[in-house]
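Chain by chain, the residues run as shown.
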Amino acid sequence: MRYSQAFIKTTKETPRGADTISAALLARAGFIDQEMSGVYTLLPLGWRVAQKIISIVRAQMNLIGAQEIMMPTLQPKELWLESGRWDKIDPPLFKLKDRHGKELALGSTHEEVIVDLVRDRINSFRELPQMLYQIQNKFRNEQRSTGGLLRVREFLMKDAYSFHQNQEDLDDYYQKVIVAYRKIYSQAGLDVHLVEADSGTIGGEKSHEFMTLAETGEDRIFLCGACDWAVNLELVKDIKKCPDCGNKVNVYSSIEVGHIFMLGGLYAKKMKAEFLDSKGKKQPFIMGCYGIGIGRLIGAIAQTHNDQQGLIWPREIAPYQIYLAELVKGKGEKIYQELTKSGVEVLYDDREISAGIKFAEADLLGIPIRVVISEKTLKEGKVEMKLRNEKAAKLVDLETIKKLSLSRN
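Okay, so let's go over this structure.

Examining the sheet that holds strand β22 (residues 383-387)
Pairing within the open sheet is mixed, and its five strands lie in the order β20-β19-β21-β22-β23. For this open sheet the edge positions go to β20 (346-349) and β23 (393-396), each flanked by a neighbour on one side alone. Within this sheet the neighbouring strands show an average axis-to-axis angle of 25°, counted without direction. Pairing of β22 with β23, which is carried by four bridges, proceeds in the antiparallel orientation. Looking at the pairing, glutamate 384 lines up with leucine 395 of β23. Packing against the sheet, helix α8 (residues 333-341) makes contact with β19 (322-326), β20, β21 (369-373) and β22, and its axis sits at approximately 170° to β20. This element, helix α11 (residues 398-406), spans β19, β21, β22 and β23 of the sheet and lies at about 30° to β22.

So this is what it looks like as structure tokens:
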């Protein structure tokens, strides 16, 4: 992409209302735009990051046998009455009426819809287990939206729902999801801890959150440094020693980047969703629920991957692999074309502005590799390369750039 043609507008000023590092940097670098409190547009750079994360999530879900669907955003009141959550879920639903007076809700979650879908289509234990997921906008009527993409009213989310004939089968699958989630976070450049958590208004027998440590995180967890046991402070008042290994635990601030639930038969019993077991007896489906907020993940990564100059994107989710800064007019075109043909994603800064501005914007945008074409590099027959997370630049040949850009490490 040529910078001169790109829909990118950066700013030195922190926008009003940007109350976290991630909100400020994402807005200043032109990744997001706030429409109103808790509602954001993902601009081209932000959408490219979102698409990279979605690809990682989709690949891992598919590997554990999940099948992708797309459920409706508009949900009928009747389903929510079946589960008993129409007036009880927190945050409360966004409710509306159509022109016929029928009461509807904008989907904040999809347990009711997925149970209604499955109870009409699965009749026998032979058809189980099943795992269905979607990547779709959700709407949550938050009282106070904070942290940019970390707590919003409209957001993109991967939510998945598994159906089983018994608790043992759910237990096994739950562990598969944990492994898949760890791979997702690793690819996205996040270190996470699996934390025992409060199930809230989603409910169920138990739940776990995936937390990444951050000084400015709104959650607080007890964490054992010896065995990695962790629990959200919401569940307990005070713990001095790890219940698993007996070592001392400490309190850390963190950001939630995923939440998974063992729902058991909660929704199936309320909504009379049943199948025939091996003895021909009706049984309620045993369920699991698994969520990852795509926007929240972007915010968490931005919150934990930055310095005073700007963002520092992990390579697999960066909007581009290379920021190509042309300091001699017209001399970057050939390299841009060659890199692009090799499959490298390049933001080619072909603007006639100072080198200082280009370098500052390269740092702000956080693209992993900065490549500079200057009089000096042209004489040497090489290019200047600087990694975003390093201070020193060096002269290298173009093949080195290609290999580094396309590598997974």
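A word on the environment of valine 118
Within the secondary structure, valine 118 sits in helix α4 (residues 111-119). When its relative accessible area of 4% is taken as the criterion, valine 118 is described as buried. With 45 residues separating them in the primary sequence, valine 118 and phenylalanine 163 have C-alpha atoms 8.6 Å apart. Not counting residues within four places of it along the chain, the set of residues in contact with valine 118 comprises Leu132, Phe163 and Phe285.

Side note on the layout of surface pockets
For the largest pocket, the calculated volume is near 1300 Å³. Breaking the lining of the largest pocket down by element, the ones donating at least two residues are β2 (39-42), β8 (154-164), β13 (249-264), β16 (286-293) and α7 (294-304). When residues of the lining of the largest pocket are assigned to their parent elements, the largest contribution, six residues, is made by β8. Class assignment for the residues of the lining of the largest pocket results in 21 nonpolar, 13 polar and 15 charged.

Observations regarding empty space enclosed by the protein
Scanning all chains against the criterion turns up one cavity of 30 Å³ or more. In this structure, the largest cavity spans a volume of roughly 50 Å³. Forming the boundary of the largest cavity are Tyr323, Ala362, Asp363, Ile367, Arg370, Lys386, Leu387 and Arg388. Taken together, the elements giving at least two residues each to the lining of the largest cavity come down to α9 (355-365) and β22. Residues that form the lining of the largest cavity fall into these classes: four nonpolar, no polar and four charged.

Overview of the sheet that holds strand β4 (residues 74-76)
Taken in spatial order, the three strands line up as β4-β6-β5 in an open sheet, and their pairing is antiparallel. Looking at strand neighbours, the two that pair on one side only are β4 and β5 (94-97), the edges of this open sheet. The average angle at which neighbouring strand axes cross in this sheet is 40°, direction not considered. For β5 and strand β6 (residues 103-106), the ladder comprises four bridges, and the chain directions are antiparallel. Bridging from a neighbouring strand, leucine 96 pairs with leucine 104 of β6.

As for the pattern of salt bridges
Enumeration according to the criterion identifies 24 salt bridges in this entry. Glutamate 82 is the partner of arginine 119 in a salt bridge, and the nearest nitrogen-oxygen pair spans 2.9 Å. Placement of the pair is arginine 119 in helix α4 and glutamate 82 in helix α3 (residues 77-83), with a sequence separation of 37 residues. One salt bridge in this structure joins arginine 388 and aspartate 363, with 3.8 Å as the shortest N-O distance. Linking arginine 388 in the loop between β22 and β23 with aspartate 363 in helix α9, this pair joins segments that are 25 residues apart in sequence. Overall, arginine 388 belongs to the buried group, its relative accessible area being 6%. You can call aspartate 363 buried: its relative accessible area is 16%. Each member of the salt-bridge network shares a partner with another, and the members are Glu142, Arg151, Glu218 and Arg296.

Thoughts on the side chain of glutamate 112
Tracing the backbone shows glutamate 112 in helix α4. Of note is the side chain of glutamate 112, whose polar atom sits 2.7 Å from the side chain of arginine 85. Apart from the residues within four sequence positions on either side, glutamate 112 is in contact with Leu79, Trp80, Ser83, Arg85, Tyr267 and Met271.

Some remarks on the packing of α8 against α11
Interaxial distance between α8 and α11 falls to 11 Å at its minimum, and their mutual angle equals 40°. When the axis of α8 is compared with that of α11, the two are oblique. Where α8 crosses over α11, the handedness of that crossing is right-handed. Contacts between α8 and α11 involve Ile335, Glu338 and Leu339 from the first element and Leu398, Glu399, Ile401 and Lys402 from the second.

Re the pairing of strand β1 (residues 32-36)
Relative to β2, β1 runs antiparallel, the two being bridged by four bridges. If you follow methionine 36 over to β2, its bridge partner there is valine 39. Hairpin connection of β1 to β2: two residues between the antiparallel strands, including glycine 38 at a positive phi of 75°.

How each quantity is defined
Residues numbered from 1 in each chain as written. Predicted model: local features only at pLDDT ≥ 70, side-chain atom pairs only at ≥ 80, totals over all residues. Heavy atoms only, no water. Pairing = 2+ DSSP bridges. Helix = DSSP H or I, 4+ residues; strand = E, 2+ residues; numbered from the N terminus. Axes fitted to C-alpha atoms, helices over the stretch in contact; angles between N-to-C directions. Contact = heavy atoms within 4.5 Å. Buried < 20%, exposed > 50% of the residue type's maximum accessible area, 1.4 Å probe, protein only. 1 Å grid on protein atoms, 1.4 Å probe; cavity = no way out; pocket = protein on both sides within 12 Å on 5 of 7 lines; lining within 4 Å. Points joined across faces, edges and corners; volume = space filled by probe spheres on them. Nonpolar A, V, L, I, M, F, W, Y, C, P; charged D, E, K, R; others polar. Salt bridge = Lys/Arg side-chain N within 4 Å of Asp/Glu carboxyl O. Polar contact = N/O pair within 3.5 Å; in protein donor to acceptor, adjacent residues only side chain to side chain. Parallel < 35°, antiparallel > 145°, perpendicular 65-115°, else oblique. Left-handed = near helix turned anticlockwise from the far one by under 90°.

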